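Each chain is listed here by its residues.
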Amino acid sequence: MTKQEALYQYLLQLGDNALIQSHRLSEWCSKGPILEEDLALTNIALDYIGRAQNLLHYAGEVEGKGQSADQLAYRRPEHQYYNNLIAEMPKGDFAFTIAKQLLISTYELLLYTELCHSKDETLAGIAGKAIKEVRYHWTHSRDWCYRLGKGTVLSNELLQQAVNDLWMYTGEQFEMGAEEELMLKEVIGCDNKALQNKWLEMVETVLSDSNIKIPTATYNQSGGRKGIHTENMGHILSEMQYLQRAYPEAIW
Amino acid sequence: MSTDTQLDLWEVFIQSRPGSHYTHAGSVHASDNQMALQNARDIYTRRNEGTSIWVVPAKYVSASNAEDAGMFFDPSNDKMYRHPTFYVMPEGAKQI
């Protein structure tokens, strides 16, 4: 694997995580629990789509075959998407979306803090913009965890169930593939493994402050970053890619 | 009008740039001050309108009564001399 191939792959992973999470959040549009939260979730979705656009645009440049961000986002088959499985989990109920956002945002907070120091200036620039957004996503989901966890018996139960159900998809975020090892060596990427302890500490703090128990299960599901997805992914793509597949080159 | 069941109402004030006054932007629903600030941020500063936000529980806003309008406001109708229009604006002063 050349440095260029590894960077392309690395950018696709980062970009796909943002793209798929954006899609899931956008499913809340017009379905939020209150108008204010509807806007909050779709605002976060827009932050993600902006980040995905930047990362996929840069991935296309690095690959050098003239692929645009749109082509990468809407024309690849399922096994060529490299997002973590947690991103493609269905939006579920509001507690599920909040738990998912906390688990992802805590990871992204650590990841993008590191990527701000990437030797690749473009990636460092994208990270510098992303980190401000991520801080807000993290704060927003943390505050909602407090409210749901310490709210009613039902809201606590729903949040606990969501955390239990999502837990086995969190470990994948800290895996290191061959492309990530190479990116780490080149001081472009970040050591995911090194983030895990800090992540766990931060997540544990928020959840215990929300009266939520940390799941003890240690089994982890993975495969997303190798292109092996859950059954959810095909459904996402059939909806997300429909327009570009039906009307190739369609523009706004 | 049906009863508002969506959490408490908060009034939102936005400062558009450092040093300038806060302007009433609208209102949001929220259960606490942090949620009110975040909701205000998401609704009223999406297009770069603000550098700072105040939120105030709407129940703490005291409003004047419409029937007091005559007593409150009419007496200032004919006091032209209160308008600072007889002064020369200092050169470069923008915030007066």
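Right above here is the structure, for reference.
Below or above, wherever it landed, is the structure these notes cover. (Residues numbered from 1 in each chain as written. Chains lettered and ligands numbered in written order. Predicted model: local features only at pLDDT ≥ 70, side-chain atom pairs only at ≥ 80, totals over all residues. Heavy atoms only, no water.)

On a plain count of helices and strands, chain B comes out with two helices and three strands. The helix and strand sequence of chain B, counted from the amino end, reads β-β-α-β-α. The globule rule puts the C-alpha radius of gyration for 96 residues at 12 Å, and the 18 Å found for chain B is more than 25% above it. Split into buried and exposed, the 96 residues of chain B put 21% on the buried side. In chain B, 42% of the contacts between residues at least 6 apart in sequence involve partners at least 24 apart. Summed over all atoms, the accessible surface of chain B reaches about 7500 Å², with 55% contributed by carbon and sulfur. Each charge class in chain B was averaged separately, 8 positive and 11 negative side chains, and the resulting centres sit 10 Å apart. (Helix = DSSP H or I, 4+ residues; strand = E, 2+ residues; numbered from the N terminus. Rg over C-alpha atoms; globule rule 2.2 N^0.38 Å. Buried < 20%, exposed > 50% of the residue type's maximum accessible area, 1.4 Å probe, protein only. Contact = heavy atoms within 4.5 Å. Areas by Shrake-Rupley, 256 points an atom, 1.4 Å probe, with all protein chains shown as cover. Lys, Arg positive; Asp, Glu negative; His and termini not counted. Charge placed at Lys NZ, Arg CZ, Asp CG, Glu CD.)

Within chain A, the regular secondary structure consists of eleven helices and zero strands. Computed over C-alpha atoms, the radius of gyration of chain A comes to 18 Å, within 12% of the 18 Å expected from 2.2 N^0.38 for 252 residues, which places it in the range of a compact globule. Per-residue burial over chain A gives 58% buried out of 252 residues. Within chain A, residue pairs in contact and separated by at least 24 positions form 81% of the contacts whose partners lie at least 6 positions apart. Approximately 11400 Å² of chain A is accessible, and the part contributed by carbon and sulfur atoms is 55%. Computed over 23 positive and 34 negative side-chain charges, the inter-centroid distance for chain A is 2 Å.

Glancing now at the interface of chain A and chain B. The partner chain B presents 14 residues to the 14 residues of chain A that form the contact. Approximately 1300 Å² of surface area, both sides summed, lies buried where chain A meets chain B, with 49% of it carried by carbon and sulfur atoms. Three residues, E36(A), Y136(A) and R147(A), lead the burial of chain A against chain B; their summed loss comes to 45% of the area buried on that side. The interface formed by chain A and chain B includes one salt bridge. Close ionic contact of R147(A) with D32(B) constitutes a salt bridge, the shortest N to O distance being 2.8 Å. At the junction of chain A with chain B, the criterion picks out eight residue pairs in polar contact (both at pLDDT 80 or more). At the level of secondary structure, the elements contributing two or more residues to the side of chain A that touches chain B comprise α2 (35–63) and α6 (121–149) of chain A. (Buried area = accessible area lost by both parts, 1.4 Å probe. Salt bridge = Lys/Arg side-chain N within 4 Å of Asp/Glu carboxyl O. Polar contact = N/O pair within 3.5 Å; in protein donor to acceptor, adjacent residues only side chain to side chain.)

This part covers the pattern of salt bridges. All names here are of chain A. Counted under the stated rule, the structure contains twelve salt bridges over all chains. In this structure, R75 engages E249 in a salt bridge whose closest nitrogen and oxygen atoms are separated by 3.5 Å. A residue pair is termed long-range when its members are at least 10 positions apart, and R75 in the loop between α3 (69–74) and α4 (85–88) and E249 in the segment after α11 (242–246) qualify at 174 residues. Linking R225 and E180 is a salt bridge whose minimum nitrogen-to-oxygen distance equals 2.2 Å. A residue pair is termed long-range when its members are at least 10 positions apart, and R225 in the loop between α9 (192–209) and α10 (232–240) and E180 in helix α8 (residues 178–185) qualify at 45 residues. In terms of burial, R225 and E180 fall into one category: buried.

All right, on to α9(A) then. Residue and element names in this part refer to chain A. Between its terminal C-alpha atoms α9 stretches 26 Å, which fits the 26 Å expected from 18 residues at 1.5 Å a residue. Of all the bends found along α9, the most pronounced is centred on K198 and spans about 30 degrees. Along α9, the residues classified as buried are N192, L195, W199, M202, V203, V206 and L207. Of the surrounding secondary structure, the elements contacted by the buried residues of α9 are α5 (94–115), α6, α7 (153–166) and α8. Between the side-chain oxygen of the N-cap and the backbone nitrogen of K193 there are 3.2 Å, and the N-cap of α9 in question is D191. (Expected span 1.5 Å × (residues − 1). Bend = angle between axes of the 7 residues up to and from the residue.)

In this section: the sheet that holds strand β1 (residues 8–15) of chain B. Within a sheet, each strand pairs with its neighbour through backbone hydrogen bonds, oriented either parallel or antiparallel. All names here are of chain B. Strand order across the open sheet formed by three strands is β2-β1-β3, with antiparallel pairing between neighbours. Each having just a single partner strand, β2 (22–30) and β3 (52–57) make up the two edges of the open sheet. Strand after strand, the sheet turns through a mean of 30 degrees between neighbouring axes, direction not considered. The pairing of β1 with β3 spans six bridges and is classified as antiparallel. Bridge pairing in β3 places E11 opposite V56. In the packing of helix α1 (residues 33–44) onto the sheet, the strands contacted are β1, β2 and β3, and the crossing angle to β2 comes to about 115 degrees. (Pairing = 2+ DSSP bridges. Axes fitted to C-alpha atoms, helices over the stretch in contact; angles between N-to-C directions.)

This paragraph deals with the packing of helix α1 (residues 3–26) of chain A against α2(A). Residues and elements named next belong to chain A. It is the contact of α1 with α2, at a shortest axis distance of 8 Å, that shows an interaxial angle of 160 degrees. In this view, α1 runs roughly antiparallel relative to α2, as classed from their interaxial angle. In this structure, α1 meets α2 at a crossing whose hand is left-handed. (Parallel < 35°, antiparallel > 145°, perpendicular 65-115°, else oblique. Left-handed = near helix turned anticlockwise from the far one by under 90°.)

For the rest of this paragraph, the subject is the environment of E78(A). Note on placement: E78(A) falls in the loop between α3 and α4. In sequence terms E78(A) and I236(A) are 158 residues apart; their C-alpha atoms lie 9.7 Å from each other.

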